[in-house]
Amino acid sequence: MKKLIAIVLLSLYLVSTTELYQFLKIPTLIEHYWEHKNLNPEMTLIAFLKTHYDHPVKDKDYTKDRKLPFVIHTTPLALVFTINKGFIFEFKNGQPEKIRHHKIPSYDEDFCYKGYLNSVWEPPKFSFL
């Protein structure tokens, strides 16, 4: 169940923040292709795509052409959260609880050669003149 919920939430996020929502318009593309196919039975799918995507023209079904996928692009959803200047943390006891923490070393000092950094920045000892 958790996996299904994760997939649904990820899908909703990607559809709302990227151009993936354009794939939801594919049924409109198929329907519009069949309309053109009924008007001209010799029209191939490639010819249909070329007339609508390669060199689009304003004709009588221009409003339907604009509803096809990847014709009109929109800006993706952008969420911005700000905190108002009047935002205040309130504590029940009057004092905040101390946060417990412990030091985590970023490297093991026993395995670090301590003198190598100083030797890197020494001036050259030999002169080639």
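Preceding this paragraph is the structure being described.
Reading the values: rules and limits
Residues numbered from 1 in each chain as written. Predicted model: local features only at pLDDT ≥ 70, side-chain atom pairs only at ≥ 80, totals over all residues. Heavy atoms only, no water. Axes fitted to C-alpha atoms, helices over the stretch in contact; angles between N-to-C directions. Helix = DSSP H or I, 4+ residues; strand = E, 2+ residues; numbered from the N terminus. Parallel < 35°, antiparallel > 145°, perpendicular 65-115°, else oblique. Contact = heavy atoms within 4.5 Å. Nonpolar A, V, L, I, M, F, W, Y, C, P; charged D, E, K, R; others polar. Patch = residues over 30% accessible without salt bridge, like charges linked within 9 Å, V, L, I, M, F, W, Y side chains within 5 Å. Areas by Shrake-Rupley, 256 points an atom, 1.4 Å probe, with all protein chains shown as cover. Salt bridge = Lys/Arg side-chain N within 4 Å of Asp/Glu carboxyl O. Buried < 20%, exposed > 50% of the residue type's maximum accessible area, 1.4 Å probe, protein only. Phe/Tyr/Trp six-rings, centres within 6.5 Å; stacked < 30°, edge-to-face > 60°.

(A) Expanded view of the packing of helix 2 (residues 26-39) against helix 3 (residues 45-54). Between helix 2 and helix 3, whose axes approach to 11 Å, the crossing angle comes to 105 degrees. Here helix 2 lies roughly perpendicular to helix 3, going by the angle between them. Only Leu 45, Phe 48, Leu 49, His 52 and Tyr 53 of helix 3 make contact with helix 2, whose side of the interface consists of Leu 29, His 32, Tyr 33 and His 36. Split into classes, the residues belonging to the contact of helix 2 with helix 3 amount to six nonpolar, three polar and no charged.

(B) Just a nonpolar patch on the surface, in detail. On the surface, Leu 10, Tyr 13, Leu 14, Leu 20, Phe 23, Ile 26, Ile 30, Trp 34, Tyr 53 and Phe 70 cluster together to form a nonpolar patch covering roughly 940 Å² of accessible area. Looking at the element boundaries, Leu 20 is found in the loop between helix 1 (2-17) and helix 2. Overall, Leu 20 belongs to the partly exposed group, its relative accessible area being 36%.

(C) Summary view of the packing of aromatic side chains. Within the structure shown, the criterion is met by three aromatic pairs. A centroid spacing of 5.4 Å and a plane angle of 80 degrees characterise the contact between Phe 23 and Phe 70, whose relative ring orientation is edge-to-face. With Phe 23 in the loop between helix 1 and helix 2 and Phe 70 in the loop between helix 4 (62-65) and helix 5 (116-120), this residue pair connects regions lying 47 residues apart in the sequence. What makes Phe 23 partly exposed here is its relative accessible area of 47%. Judged by relative accessible area, Phe 70 falls into the partly exposed class, the value being 35%.

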